[in-house]
Amino acid sequence: TDAYLDRMEAAKALNSFITVTGDKAREMAKASDEKLSKGEGGPIEGVPLGIKDLFCTEGTLTTAASHILDGFTPRYESTITSQLWRDGGVMLGKLNMDEFAMGSSNETSFYGNVINPWRREGDDTPLTPGGSSGGSSTAVAARLCAAATATDTGGSIRQPASLTSTVGVKPTYGRVSRWGVAAFASSLDQAGPITQDVRDAAIMLKSMSGYDPKDSTSVDRPVPDYEASLGQSVKGLKIGVPKEYRLDGMPAEIEKLWADGIAWMKDAGCEIVDISLPLTKYALPVYYIVAPAEASSNLARYDGVKFGHRADKYDDILSMYENTRAEGFGDEVKRRILIGTYVLSAGYYDAYYLRAQKVRKKIFDEFTGAFSKVDLILTPSAPSAAFGLGEKSNDPIQMYLNDVFTVTGNLSGIPGASVPAGFDANGLPLGLQLLARPFDEETMFKGMYALE
Ligand code: GLN
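The rules behind the values
- Residues numbered from 1 in each chain as written.
- Predicted model: local features only at pLDDT ≥ 70, side-chain atom pairs only at ≥ 80, totals over all residues.
- pLDDT = per-residue confidence, 0-100.
- Near = placed C-beta within 6 Å.
- Nonpolar A, V, L, I, M, F, W, Y, C, P; charged D, E, K, R; others polar.
- Pairing = 2+ DSSP bridges.
- Helix = DSSP H or I, 4+ residues; strand = E, 2+ residues; numbered from the N terminus.
- Axes fitted to C-alpha atoms, helices over the stretch in contact; angles between N-to-C directions.
- Core = buried A, V, L, I, M, F, W, Y, C linked by C-beta atoms within 7 Å.
- Buried ≥ 20, exposed ≤ 12 C-beta atoms within 10 Å, placed from the backbone.
- Contact = placed C-beta atoms within 7 Å.
- UniProt positions renumbered as here; feature names shortened; annotations may be inferred.
- Expected span 1.5 Å × (residues − 1).
- Bend = angle between axes of the 7 residues up to and from the residue.

Student: What's the story with the confidence of the model for the chain in this structure? I'm lost.
Tutor: Low pLDDT means the predicted atomic positions in that stretch should not be read closely. In this model, the chain carries an average pLDDT of 97, and 100% of its residues clear a pLDDT of 70 or more. With pTM at 0.98, the complex prediction returns an ipTM value of 0.97.

Now the structure itself:
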């Protein structure tokens, strides 16, 4: 724990932590040492972790990287983090992220962008670590924590993992509890780990998983030992390769990465199956209706009364709400609230929100059809390697395109993971994504381990 705290201090310029909880970390580490010296302790006893600042942590500032949560110190602990502490984890601090997890580059954080520890060869341009879990991906990649928690609403675990050569897992919707995790889009949000390797991801996900009566969408089924899947033969597994993920103008290095992945799985004895997912082209438009709609509703609670920031100047309660929200939310969050309230408003609801929900169901059906033919689906995790800070921040559509391969997993609720798989011409890491049947994380881990 001390070694990690020293590294965190030395790597402050990466801006991956919003809050460092040194005293708490040392106290937890000491308790772990005592347990371990008696031969006791949980599966991650004494392991120093970074926690995305979307998870409520009792007694520790929790900001969602938003000005509107200034000074918010929860009196309760999220279910996931309490399971991590139950199993012996040590909290090093709270990790930077895009504001309310809205973004793909960590540039919408009120606390400033995070810097990817990776650089293009011979070029010092600072790069994004991806988002929204950019603090998590950076802290793991720079070895500032042994593992981190993250959340994925449209790709925010898998895309930052891909851009930093780390492993990221978004489990099946319902596998982990959302209780105590600030909500972005409740029907899409799912937490998971970002780790240095596949084994760590298996261990972390087991601690994070499980039914929680406090989350009505968490599912009551046994949590498998994901670690037991590692190293099991993948011979005979059917790997689907969806032709619609081959985008026009896709960089040659992403094509090559994908082809390499297909070849490795084939060498390992898998059967490669060409599949078609024609609705893929609707995934981003559907996501950018459903996610803002739910966000606009979830974010209504930040009104200056119950949490965090309240404007200094106002005349009456309405102007208090207005001024608080105008000051408290950043531009991207405001954009989502505007889009969300628009698509939910009378007269537009049927044309946008309802229609998007119908297409979403069809996307789910399409995956169900595909998984009657294949066990796993293999695609690139992101359409590019890490890009320069500021490069896409003025163009929301360019930014949204980062999630083109990942949003389908959230819309359909299926599990997905990103595994480091190669490098682009500049020496930047690239990841491959595996998607699996609902609640079949075990087969996904088998495939991930084979890819790694
Ligand atoms: N980049 C996507 C968005 O901005 C996904 C974010 C996420 O998964 N939290 O909505």
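On we go.
Student: Got a minute to help me understand the site of the ligand in this structure?
Tutor: Close contacts around the ligand come from 14 residues, with Ala101, Ser104, Thr153, Gly154 and Ser156 the closest. The residue makeup of the shell around the ligand, split by class, is four nonpolar, eight polar and two charged.

Student: Any chance you could explain the sheet that holds strand S2 (residues 48-52) here in plain terms?
Tutor: The strands making up a sheet are joined through hydrogen bonds of the backbone, oriented either antiparallel or parallel. Spatially, the eleven strands line up as an open sheet ordered S1-S3-S2-S4-S6-S5-S10-S11-S9-S7-S8, and their pairing is mixed. Where the open sheet ends on each side, the last strands, each with one partner, are strand S1 (17-20) and strand S8 (271-275). Going from strand to strand, the sheet's axes swing by 30° on average, the running direction of each strand aside. One ladder, built from five bridges, connects strand S7 (residues 238-242) with S8; its direction is parallel.

Student: I would appreciate a short explanation of the nonpolar core in the present structure.
Tutor: One broad rule of soluble globular proteins: the nonpolar side chains tend to lie buried together. Of all hydrophobic cores here, the largest spans 121 residues; its most connected members are Leu49, Leu92, Cys145, Ala148, Val290, Leu376 and Met448. The biggest single contributor to this core is helix H8 (residues 280-298), with nine residues. The residues contacting cysteine 145, other than those within four sequence positions of it, are Tyr4, Pro48, Leu49, Gly50, Leu92, Ala139 and Val140.

Student: Which parts of the structure should I look at to understand the UniProt feature "active site" (unreviewed entry) in the chain?
Tutor: UniProt's entry tags Lys52, Ser132 and Ser156 with the feature "active site" (unreviewed entry), counted in the numbering of this structure. These annotated residues cover 105 residues of sequence, and their C-alpha atoms all fall within 11.3 Å of one another, placing them together at a single site. Contacts of serine 132, omitting those with residues within four sequence positions, involve Met97, Asp98, Ala101, Met102, Gly103, Asn106 and Ser156. Mapped onto the fold, serine 156 is located in the loop between strand S4 (147-152) and helix H5 (158-164). In this structure, serine 156 is in contact with Ala101, Gly131, Ser132, Ser133, Ala150 and Thr151, ignoring residues within four places of it in sequence.

Student: Is there a simple way to think about unusual backbone geometry in this case?
Tutor: Outside of glycine, negative phi angles account for most residues, and trans bonds account for most peptide bonds. Residue serine 132 is reached from glycine 131 by a cis peptide bond, and omega for that bond is 5°. Among the structural elements, serine 132 can be located in the loop between strand S3 (90-95) and helix H4 (134-141). Located in the positive-phi region is phenylalanine 100, a residue other than glycine, with phi close to 50°. Mapped onto the fold, phenylalanine 100 is located in the loop between S3 and H4. Positioned with a positive phi, serine 165 is a non-glycine residue whose angle comes to about 60°.

Student: Where do I start with helix H11 (residues 349-370) in this structure?
Tutor: Taking 1.5 Å of rise per residue, the 22 residues of H11 would be expected to cover 32 Å, and the 30 Å separating its terminal C-alpha atoms lies within 8% of that figure. At arginine 355, H11 is deflected by roughly 25°, the largest bend along its length. All buried positions along H11 are accounted for by Tyr353, Ala356, Arg360, Ile363, Glu366 and Phe367. Buried residues belonging to H11 abut H8, helix H10 (331-344) and helix H13 (407-412).

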